[in-house]
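Structural overview for review
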Amino acid sequence: MCGIIAYIGKHRAAPIIVEGLKRLEYRGYDSAGLAAQQNGRLVVIKKAGRVDRLAQEEAEHPLSATSGIGHTRWATHGAVTDANAHPHLSSDGKFALIHNGVIENYAQMKTFLLGKGFTFKSETDTEVLCNLIAYHYAKEDAAAGPSVRFLESVRKTLRHVEGTYGIAALCVEAPNEIVAARKASPLILGVGEAEYLIASDASALVGRTQNVVYLKDGEIVHLTPKAFTITTLDQADVSPVMDRITWSVADAELGTYEHFMEKEIFEQPLALENSMRGRFSEDGSTAQFGGLNLTAGDFAQVDRFMFCACGSAWHACLVAEHLIERFARLPVEVDYASEFRYRNSPLGRSTLFFVMSQSGETIDTLAALREAKRKGYRVLAINNSVGSTIARESDGGIFQHVGPEIGVASTKAFTSQLMIGAMVALYVARMRDMSFADGVQYVNALKGAPDLVRRVLAQAPHIRDIARRYAASSDFLFLGRLSLFPIALEGALKLKEISYIHAEGYPAAEMKHGPIALISEKCPSVVLAPKGELFNKIVSSIQELKARKGPIIAVTTEGSEIPAGLADAVISIPDCHEAVLPIVAAIPVQLLSYYIAVERGCDVDKPRNLAKSVTVE
Ligand code: F6R
């Protein structure tokens, strides 16, 4: 949710922090701020609104410090105001703090601190944490020196915290030092040339270093310009494990595109190739995965799959459910991660548990993973972020390898999740009833998917024209059946999140049981109507909508005949294998939503109230 960056080194910190915040802005964009030491005191510049406003302010009042902290906010506690923006100062002005997460017991702490004479300028839990650090600092033995007192006061504060945090702090008495820590909110240490950075996300680091240490829950890092140490809340030393970020600055930049969402939609053929690379058996009849950490024998014991995820990833799980049940003939259950964690659902001993998460940091998905592990299940993760908490805590899994997804609305990560779900279905099916010949056909179909996606992308100008015709609508229905029902859900989600149009996804035939009441000439329906055994039934649904004057945008297979006059606009998709169909059908709904949002003048990459990666419950 919020983005965090801290810098310590030999360069002026503020421009580096601002640059990092611009890259992190997709994590939260309600307000932005930075803090650094200037003339013996901590100076904070913070503003409600976008990072550009902060950049302007800093340019007018430049800070010379070579260390500092910065934050871009997605509001949890308190409205979007300058006062609630981070960093927060302790009431004695000795500490500045940035924070991503939620401190659940902040109210008790605040009452305690008010009783001790501390004052508050904001409604945030972060300011409470900052004052608690100041409280503990004052109680530390002065003879220990400011450096030790700083570190220990943060450590003591965090021992009292219930909730989640990724934090970075400055202390006026330890001028060239930073202390940072995490629990359930991501934090990465970047190790550069005579400089260190802390960030909530690798995208803020790639411009300066590829060398990173992924911090773990309960770890505290203490930075000076020359060295860093990592310890735990219990004061145990931690030996850092160095990793490398494999993608580059260009991956996190717009290039010639207008929006990241547009860039990522058009990157999908390549993203799909990357998700498949090296993952087919030599005989070309099945999938293979390096990181499952399960033997074929382990898989043979599995009699049920459980998938948990949120949002678009949950839709991808629904498609996986369809394909696994259809091709591998194994029962699959899909649950919202946020529900699963509280539902106490009976799983059965031979259930294999999967979580799906692009970011690998979604708190509900992480909690579902932990709940399943606590119950003794092995959990596999389908995930796009090497080093993320979910990647680390799962027992194995499959990385998506699609590079950073910056647009808040998921596109390339979603179709890559569809691809990996299709490969898992194949893998399990080939262990069971699927023949060699059917396996080869399936593999060839998956390998052909990027080209089919290219063909749909080539229709972008046509889809843009359709978007222009319907952009003024205030309601939309998205309808599909079988594996395209989740794509209808995804189309509705995409449209509502970036264009603020009310949209609902439904199984096409279910529409008669309520949603049809919405239909009028003002409520278009996007109907996913591929050729196949249910084609005529979907055409009947279209007839029913048309009889109520509902405009129809039909997405149908090239050569399929939607009766003349029934559809007001037609988008053709190539004929393809059932496992590839959801991927190919996802492209028109993504493009339609994107162009409608652009037409309505919406901020596509930073839709209101949203943030990439939901790290609070
Ligand atoms: C919608 C979207 C979200 C995410 C959801 C899960 O476009 O992006 O619904 O799919 O927040 O995120 P991850 O996959 O990071 O767990």
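The subject of this paragraph is the overall build of the protein. Within the protein one finds 18 helices and 24 strands. For 617 residues, the compact-globule estimate of 2.2 N^0.38 gives 25 Å, and the C-alpha radius of gyration of the protein, at 26 Å, lies within 12% of that figure. Seen along its three principal axes, the alpha-carbon backbone of the protein occupies a region of about 85 × 55 × 45 Å. The 617 residues of the protein split such that 62% are buried. Counting only carbon and sulfur atoms, one obtains 50% of the accessible surface of the protein, whose full area is about 22700 Å².

Taken in spatial order, the 5 strands of this open sheet run β21-β20-β22-β23-β24, and their pairing is parallel. Because the sheet does not close on itself, it has two edges, and the strands there are β21 (502-507) and β24 (569-573). Taking each pair of neighbouring strands and ignoring which way they run, the sheet shows an average axis angle of 15°. Where strand β22 (residues 525-529) lies against strand β23 (residues 552-557), 5 bridges are found, and the strand directions are parallel. Opposite Val-526, over in β23, you have Ile-553 as the bridge partner. Sheet strands in contact with helix α17 (residues 535-546) are β20 (475-480), β22 and β23, and its direction is about 165° off that of β22. On top of the sheet, helix α18 (residues 581-599) reaches β20, β22, β23 and β24; it is set at about 140° to β24, its chief contact.

Another point: the domain arrangement of the protein. Along its sequence, the protein is organised into domain 1 (3-251), domain 2 (254-447) and domain 3 (457-602). Here the C-alpha centroids of domain 1 and domain 2 sit 34 Å apart. In this complex, domain 1 contributes 14 residues to the contact, which on the side of domain 2 involves 13 residues. Between domain 1 and domain 2 lies a buried interface of about 1100 Å² when both sides are counted; carbon and sulfur atoms form 56% of it. If you sort the residues of domain 1 by the area they bury against domain 2, Tyr-26, Tyr-214 and Asp-251 come out on top, with a joint share of 41%. Between the two partners, domain 1 and domain 2, sit 1 salt bridge. Our count for the contact surface shared by domain 1 and domain 2 stands at 6 residue pairs in polar contact (both at pLDDT 80 or more).

Close to the ligand lie 14 residues; Ser-357, Gln-358, Ser-359, Thr-362 and Glu-497 are nearest. Taking Ser-410, its main chain carries an N or O atom lying 2.9 Å from an oxygen atom of the ligand. In this structure, Lys-494 approaches the ligand through a side-chain N or O atom, which is 2.9 Å from an oxygen atom. Look at the ligand: alone it shows 400 Å² of surface, and the protein chains cover 89% of it. Breaking the shell around the ligand down by element, the ones donating at least two residues are α9 (311-328) and α16 (485-499). The class makeup of the residues in the shell around the ligand is 5 nonpolar, 7 polar and 2 charged.

This brings us to the environment of Val-102. Summarising the element assignment, Val-102 is placed in the loop between β6 (95-100) and α3 (106-115). Sequence separation between Val-102 and Ser-474 is 372 residues; the distance between their C-alpha atoms is 35 Å. Not counting residues up to four positions away in its chain, the partners in contact with Val-102 are Thr-76, His-77, Asp-125, Glu-162, Gly-163, Thr-164 and Val-616.

With the rule as written, the count across this model stands at 16 aromatic pairs. Their ring planes at 80° and their centres at 5.2 Å tell us that Phe-327 and Tyr-442 sit as a pair that is edge-to-face. Residue Phe-327 is located in helix α9, and its partner Tyr-442 is located in helix α14 (residues 436-457); the two are separated by 115 residues in the primary sequence. Given the relative accessible area of 0%, Tyr-442 is considered buried. Ring pairing ties together the aromatic residues Phe-95, Tyr-137 and Phe-150, which thus form one cluster. Above the plane of the ring of Phe-327 lies Arg-326, whose end atom (NZ or CZ) is 4.6 Å from the centre. The ring of Tyr-377 carries the charged tip of Arg-349 above its face, separated from the ring centre by 4.6 Å.

The 6 strands are arranged β5-β6-β7-β8-β12-β13 in an open sheet whose pairing can be described as antiparallel. The open sheet has two free edges, formed respectively by β5 (88-89) and β13 (228-232), since each of these has just one partner strand. Two elements, strand β8 (residues 178-183) and strand β12 (residues 219-223), share 5 bridges in a ladder whose sense is antiparallel. What sits directly across from Arg-182, in β12, is Glu-219. Of the strands in this sheet, β5, β6 and β7 (165-171) are in contact with helix α4 (residues 125-139), which crosses β6 at around 140°. Relative to the sheet, helix α5 (residues 146-159) contacts β6, β7, β8, β12 and β13, its axis offset from that of β7 by approximately 150°.

Conventions and cut-offs
Residues numbered from 1 in each chain as written. Predicted model: local features only at pLDDT ≥ 70, side-chain atom pairs only at ≥ 80, totals over all residues. Heavy atoms only, no water. Helix = DSSP H or I, 4+ residues; strand = E, 2+ residues; numbered from the N terminus. Rg over C-alpha atoms; globule rule 2.2 N^0.38 Å. Buried < 20%, exposed > 50% of the residue type's maximum accessible area, 1.4 Å probe, protein only. Areas by Shrake-Rupley, 256 points an atom, 1.4 Å probe, with all protein chains shown as cover. Pairing = 2+ DSSP bridges. Axes fitted to C-alpha atoms, helices over the stretch in contact; angles between N-to-C directions. Contact = heavy atoms within 4.5 Å. Domains from an automatic or database assignment. Buried area = accessible area lost by both parts, 1.4 Å probe. Salt bridge = Lys/Arg side-chain N within 4 Å of Asp/Glu carboxyl O. Polar contact = N/O pair within 3.5 Å; in protein donor to acceptor, adjacent residues only side chain to side chain. Near = heavy atom within 4 Å. Nonpolar A, V, L, I, M, F, W, Y, C, P; charged D, E, K, R; others polar. Phe/Tyr/Trp six-rings, centres within 6.5 Å; stacked < 30°, edge-to-face > 60°. Lys NZ or Arg CZ within 6 Å of the ring centre and 35° of its normal.

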